[in-house]
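Residue strings, one per chain:
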Amino acid sequence: MVKQKDEIVSISKAYGIMLMVLAHAGLCVQGQHIVYMFHMPLFFFYAGYCFKEEYTKDIKRFIKRKILRLYIPFLIWSLLFLAVHNIFYRIGIYSSEYGYNNDVSYLYNCSDYISRFFFITFLMSKFEQIVGGYWFVRELFWASIVCCSMLRFFNIVWLITISISLTLLSSIMNYYGVVPFILQLTLLSISFFLIGYFFKKENLFQYKTYLLAVICLVCLLICAYYYPTSMLTFSVNNVIPYIISAISGIYLIHCISSETPSLFKKYLVYIGDNSFIILTLHMLSFKVISLIYVFHYKLEIVRISEFPTISDIKSSFWVIAYFVVGIILPLGYVKIKNKWLYILK
């Protein structure tokens, strides 16, 4: 039974990371609105879902575990991409004309490197745009530690109520410029972690019916249509619909995962178990397709630096190409790394 549940979690994470890559690959706006309503909350949710009560009895051990599994990989990859920033700039991956969320790049000097090294190492911020999704790693790291500390002393229902209330309050305060957005982001991350833990503790996924699945689908579609947002853009106006749609989407993904044909399970489990490396390398992998696209349509070479993909792609074929390469290349890296580690042993 435990193995089956672990499988479902891995498969759900596979669907989540594939939806993330698809959204970044140039999925239509309507599709992006739906995906963004639940795909990142899904990962916080399952982190809480997999949390074990025994961790609260040895918080130091849990923190060490999170440092090894989240902070160290974050630090290694962030500093690696920081080190090659100027190389990426010179070969056209970065440019002064295009950038992630219009954040254009420039050649770093010694002061820039030192400053970013400090922010990456001690604040887990100002990482390179090629790993723009690393905000998730930072938030998961802190949310996990905070939740582990609180669950030792407080009731889970009370904690969920307080965390959602504080998320709403911080959203109001952010609206008036009193607190920074990152506070409400962290509080929302904590909320989804706690909700995941509550689902596991109360075994709520035992209530799987077609009627409930349809209700969740309707909730997700309505919220995506009337209150489109994401974890990085939500505000006081849509935070409650966002939480509702996120839970609805996660429930749907869990149901789909539990009914996934055996033929695909092995591959999806592999993708889900390597979601971190896909998060890390998918945008860099996109550059392969951008390069092909630029040469195929004889565009200016600087357009390779558009993030995450070239903005005005001419057909869905290129969206599929971005998606496939964004999954396959990171997994190829894992295969090669594991093969070399095996040889070195």
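Predicted model, so just to flag it, every value in this text is computed and none were measured.

**Observations regarding the overall build of the protein chain**
So, point 1. A count of helical and extended segments in the protein chain gives 14 helices and two strands.
So, point 2. For the protein chain, the C-alpha radius of gyration of 20 Å lies close to 20 Å, the compact-globule estimate for 345 residues.
So, point 3. Once the C-alpha set of the protein chain is aligned to its principal axes, its extents read approximately 55 × 55 × 45 Å.
So, point 4. For the protein chain, the residues scored as buried account for 50% of the 345 residues in total.

**Let's talk about the layout of surface pockets**
So, point 1. Empty space within the largest pocket amounts to approximately 1100 Å³.
So, point 2. Along the wall of the largest pocket there are 37 residues; nearest its centre are Lys13, Tyr46, Ala47, Cys50 and Arg69.
So, point 3. No other element matches helix α1 (residues 2–24), which puts eight residues into the lining of the largest pocket.
So, point 4. Taken together, the residues that form the lining of the largest pocket break down as 23 nonpolar, four polar and ten charged.

**Thoughts on the side chain of threonine 56**
So, point 1. Relative to the elements of secondary structure, threonine 56 occurs in the loop between α3 (39–49) and α4 (59–83).
So, point 2. Looking at threonine 56, its side chain comes within polar contact range of the main-chain oxygen of glutamate 53, at 2.6 Å.
So, point 3. The residues touching threonine 56, leaving out its near neighbours within four places in the chain, are Phe51, Cys148, Leu151 and Arg152.

**Section: helix α8 (residues 156–175)**
So, point 1. In this model, α8 (20 residues) spans 28 Å end to end at C-alpha, consistent with the 28 Å of a helix rising 1.5 Å per residue.
So, point 2. Burial in α8 covers these residues: Ile156, Leu159, Ile160, Ser163, Thr167, Ser170 and Ser171. Looking straight down α8, one finds that the buried residues subtend no more than 105 degrees of arc, so they occupy a single side.
So, point 3. Each element contacted by the buried residues of α8 is listed here: α7 (135–151), α9 (181–201) and α11 (239–258).
So, point 4. The backbone nitrogen of valine 157 has a side-chain oxygen 2.8 Å away, supplied by the residue at the start of α8, namely asparagine 155.
So, point 5. Just beyond α8, the residue with positive phi is glycine 177, at close to 75 degrees.

**Quick notes on the nonpolar core**
So, point 1. Ranked by size, the top nonpolar core spans 102 residues in total, and within it Phe136, Phe192 and Met231 carry the most contacts.
So, point 2. The biggest single contributor to this core is α7, with ten residues.

**Concerning unusual backbone geometry**
Negative phi values dominate among residues other than glycine, just as trans dominates among peptide bonds.
So, point 1. For the bond from phenylalanine 307 to proline 308, the omega torsion is -10 degrees, close enough to zero to count as cis.
So, point 2. One non-glycine residue, methionine 124, lies in the positive phi region at around 55 degrees.
So, point 3. Residue placement: methionine 124 occurs in the loop between α6 (110–123) and α7.

**Looking at the packing of α3 against α7**
So, point 1. Look at α3 against α7: their axes get within 11 Å of each other, and the N-to-C directions meet at 30 degrees. Of the possible angle classes, the one that applies to α3 and α7 is roughly parallel. The handedness of the crossing between α3 and α7 comes out as right-handed. Along its contact with α3, which presents Met40, Phe43, Phe44 and Ala47, the element α7 presents Trp135, Phe136, Glu139 and Leu140.
So, point 2. A class-by-class count of the residues in the contact of α3 with α7 yields seven nonpolar, no polar and one charged.

**Description of the pattern of salt bridges**
So, point 1. Under the counting rule described, the total for this entry stands at three salt bridges.
So, point 2. The residue glutamate 139 makes a salt bridge to arginine 138 at a minimum N-O spacing of 3.0 Å. Across this residue pair, the class does not change: glutamate 139 and arginine 138 are buried.
So, point 3. Put simply, Arg303, Glu306 and Asp312 are held in one network by salt bridges that share partners.

**Considering the packing of aromatic side chains**
So, point 1. Evaluated as defined, the whole model comprises 44 aromatic pairs.
So, point 2. When the ring of tyrosine 71 is compared with that of phenylalanine 141, the centres are 6.1 Å apart and the planes differ by 40 degrees; the resulting orientation is tilted. Here tyrosine 71 is found in helix α4, whereas its partner phenylalanine 141 is found in helix α7, with 70 residues between them in sequence. For the residue pair tyrosine 71 and phenylalanine 141, the accessibility class agrees, reading buried in each case.
So, point 3. Residue placement shows lysine 126 over the ring face of phenylalanine 119; its charged tip is 4.2 Å from the ring centre.

**Section: the state of the cysteines**
So, point 1. Overall, the coordinates contain zero disulfides when judged by the stated rule.
So, point 2. Of the cysteine sulfurs around cysteine 219, a residue in no disulfide, the closest is that of cysteine 223, at 6.2 Å.
So, point 3. According to the relative accessible area criterion, cysteine 219 is partly exposed, its value standing at 26%.
So, point 4. Free of any disulfide, cysteine 255 has its nearest neighbouring cysteine sulfur in cysteine 216, separated by 7.4 Å.

Parameters and conventions
Residues numbered from 1 in each chain as written. Predicted model: local features only at pLDDT ≥ 70, side-chain atom pairs only at ≥ 80, totals over all residues. Heavy atoms only, no water. Helix = DSSP H or I, 4+ residues; strand = E, 2+ residues; numbered from the N terminus. Rg over C-alpha atoms; globule rule 2.2 N^0.38 Å. Buried < 20%, exposed > 50% of the residue type's maximum accessible area, 1.4 Å probe, protein only. 1 Å grid on protein atoms, 1.4 Å probe; cavity = no way out; pocket = protein on both sides within 12 Å on 5 of 7 lines; lining within 4 Å. Points joined across faces, edges and corners; volume = space filled by probe spheres on them. Nonpolar A, V, L, I, M, F, W, Y, C, P; charged D, E, K, R; others polar. Polar contact = N/O pair within 3.5 Å; in protein donor to acceptor, adjacent residues only side chain to side chain. Contact = heavy atoms within 4.5 Å. Expected span 1.5 Å × (residues − 1). Arc of directions from axis to C-beta. Core = buried A, V, L, I, M, F, W, Y, C linked by side-chain atoms within 4.5 Å. Axes fitted to C-alpha atoms, helices over the stretch in contact; angles between N-to-C directions. Parallel < 35°, antiparallel > 145°, perpendicular 65-115°, else oblique. Left-handed = near helix turned anticlockwise from the far one by under 90°. Salt bridge = Lys/Arg side-chain N within 4 Å of Asp/Glu carboxyl O. Phe/Tyr/Trp six-rings, centres within 6.5 Å; stacked < 30°, edge-to-face > 60°. Lys NZ or Arg CZ within 6 Å of the ring centre and 35° of its normal. Disulfide = S-S within 2.5 Å.

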